[in-house]
Structures are given as C-alpha cells and as structure tokens.
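Read off the chains here:
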Amino acid sequence: MTATPTPAAPGRAGLAQDDIAMKLLLINGPNLNLLGLREPATYGHATLAEVERAAAAEAARMGAELAPWQSNHEGAIVERIHAAHTEGVAGIVINAGAYTHTSIAIRDALAATALPFVEVHISNVHAREPFRHRSYLSAMAAGIVVGFGVDGYRLAVQGLVRRLSAG
Ligand code: CA2
C-alpha cells in the first residue's frame, strides 16, 4: 500500500515552504526592563516578561517563532542585530527606546543586515517632547507602530509576519 503524505496546512502565514517556522527577533532597548514597575501612566502596567510572552504568542498564532531579547547597552544591541543575520532570523521587531532618537550605530546595524524590521513605540512619541520626534530608524522600517501602548508589539508582529509572508 502506498502511504499518502499528509499535506502541510494550506497557506498558513509564517510557515516557510518546508514548514520550518519563520524566526523573528524582538529587541527591546534601554529602560524597557522597567515596564510595569515605573511610569504606568506613560508605559502601562504590563511587565516586560508579559509583553514578551504576548508577542511570542501572537507570533506562534501566526505560525512564526519569536525570540525576545532586551539590553540597556547600545553596543550589545548592535551585536545582537549582527547575530540575527547569521542565525537565520527573517525579521525584527524593535523598540530601541531612547536610542531611537540618538543611535546612528543601531541604524547602521539594521541597514547592514538588511533584515526587514518594524519599529515600535509604546507611547505616541510625536505627542511628546520634540527630541522624541526624530527617529534614526523609521526611514528604513517596513512599518512603524506608535502610541498603541504595549498592544503595539502584537500589531508589529502581525504586520511583520504578513509582510514577510507576502515575499
Ligand atoms: O514609547 C516608547 O516605547 C519609547 O521607545 C520608550 C523610551 C523612550 O525613550 C522613547 O522616546 C519612546 C523609554 C523607555 C523607558 O521605559 C520605561 C518603562 C517603564 C518605566 C520607565 C521607563
């Protein structure tokens, strides 16, 4: 008797042709380890661990795999972006925190890897101080999610998986 192979789930976003889950990286920058512990009026009540779990769950729901990572150090973020390139990461969700407004090094790292990325900000940076209005990352981003609180991470994962699945 000839065995009939079980067909792969049809058209599931986030799954590559050979059914290996698309790998995504979530990078959070300086001070975001304090989420849920300080300034809830601006950044909400959810902790970083809760935000990371929700983003990973959204990725899994879409058939992708998300690895969360946070650092307070600019050079470490640059090196994490370099490593993503060699690890087969397909795309990045990044909230670079205050480095968004200052770091040409993080911009250059993203440009060098050429990985699609979505920039996230929990707060509406455009409704805040003028120094938060400039982003060194936005012009290269596949998309930007700003001002939706920590829900922005989930929205960013959705947008990134859809963009990557569209080819
Ligand atoms: O709105 C955002 O997500 C920001 O990227 C957050 C950065 C800020 O510098 C950007 O302008 C906008 C600050 C992250 C600080 O995170 C904290 C979280 C809880 C308590 C204190 C700081």
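Up top you'll find the structure we're talking about.
Calculation notes
- Residues numbered from 1 in each chain as written.
- Predicted model: local features only at pLDDT ≥ 70, side-chain atom pairs only at ≥ 80, totals over all residues.
- Heavy atoms only, no water.
- Buried < 20%, exposed > 50% of the residue type's maximum accessible area, 1.4 Å probe, protein only.
- Helix = DSSP H or I, 4+ residues; strand = E, 2+ residues; numbered from the N terminus.
- Pairing = 2+ DSSP bridges.
- Right-handed = clockwise from strand over helix to strand, strands pointing away.
- 1 Å grid on protein atoms, 1.4 Å probe; cavity = no way out; pocket = protein on both sides within 12 Å on 5 of 7 lines; lining within 4 Å.
- Points joined across faces, edges and corners; volume = space filled by probe spheres on them.
- Nonpolar A, V, L, I, M, F, W, Y, C, P; charged D, E, K, R; others polar.
- Core = buried A, V, L, I, M, F, W, Y, C linked by side-chain atoms within 4.5 Å.
- Contact = heavy atoms within 4.5 Å.
- Axes fitted to C-alpha atoms, helices over the stretch in contact; angles between N-to-C directions.

Novice: Explanation requested: the pairing of strand β3 (residues 91-95) in the structure shown.
Specialist: As a general feature of sheets, a regular strand has side chains that alternate between the two faces. By the criterion of burial, β3 is predominantly enclosed, with five of the five residues buried. Alternating residues of β3 divide into Gly91, Val93 and Asn95 and Ile92 and Ile94, and every residue in both groups is buried. Here strand β1 (residues 22-28) runs beside β3; their pairing, made up of five bridges, is parallel. Residue Ile27 lies in a different strand from β3, and its bridge partner there is Ile94. Traced from β3 through helix α4 (residues 104-113) to strand β4 (residues 117-121), the parallel crossover comes out right-handed.

Novice: Mind showing me how you'd approach the pairing of β1 here?
Specialist: Among the seven residues in β1, six count as buried, and that is most of the element. Of the strand pairs in this sheet, β1 and strand β2 (residues 64-70) are connected by seven bridges, and their pairing is parallel. Looking at the pairing, Leu24 lines up with Leu66 of β2.

Novice: Would you mind going over the layout of surface pockets with me for this structure?
Specialist: Here the idea is plain: a probe the size of a water molecule rolls over the atoms and shows the empty space left. Empty space within the largest pocket amounts to approximately 370 Å³. Around the largest pocket, the lining comprises 18 residues; the ones closest to its centre are Pro30, Asn31, Leu32, Tyr43 and Arg132. A class-by-class count of the residues in the lining of the largest pocket yields eight nonpolar, six polar and four charged.

Novice: Mind showing me how you'd approach the nonpolar core here?
Specialist: Within soluble globular proteins, side chains that are nonpolar tend to cluster in buried spots. Core analysis: the largest hydrophobic core is formed by 24 residues, its most contacted members being Leu24, Leu66, Val93, Tyr153, Val157 and Val161. Secondary structure elements with two or more residues in this core: β1, α2 (48-61), β2, β4 and α5 (151-165). Those residues in contact with Leu24, other than ones at most four positions away along the chain, are Ala59, Ala64, Glu65, Leu66, Ala67, Val89, Gly91, Val157, Leu160, Val161 and Leu164. Listed in part, the 18 residues of the second largest apolar core include Ile27, Ile81, Leu110 and Phe117.

Novice: It is not clear to me how the sheet that holds strand β5 (residues 143-146) should be interpreted in this structure. Could you clarify?
Specialist: Strands pair in a sheet through their backbones, by hydrogen bonds, and they do so in one of two ways: parallel or antiparallel. Sheet architecture is open: five strands sit in the order β2-β1-β3-β4-β5, paired in parallel fashion. Two strands bound the open sheet, and with one partner strand each, they are β2 and β5. With direction set aside, neighbouring strand axes in the sheet form an average angle of 20°. Across four bridges, the pairing between β4 and β5 is parallel. The residue of β5 that forms the bridge with His121 is Val146. Its contacts with the sheet put α2 on β1 and β2, and the angle it makes with β2 is roughly 160°. Relative to β1, helix α3 (residues 74-86) is tilted by about 175°, and along the sheet it contacts β1, β2 and β3.

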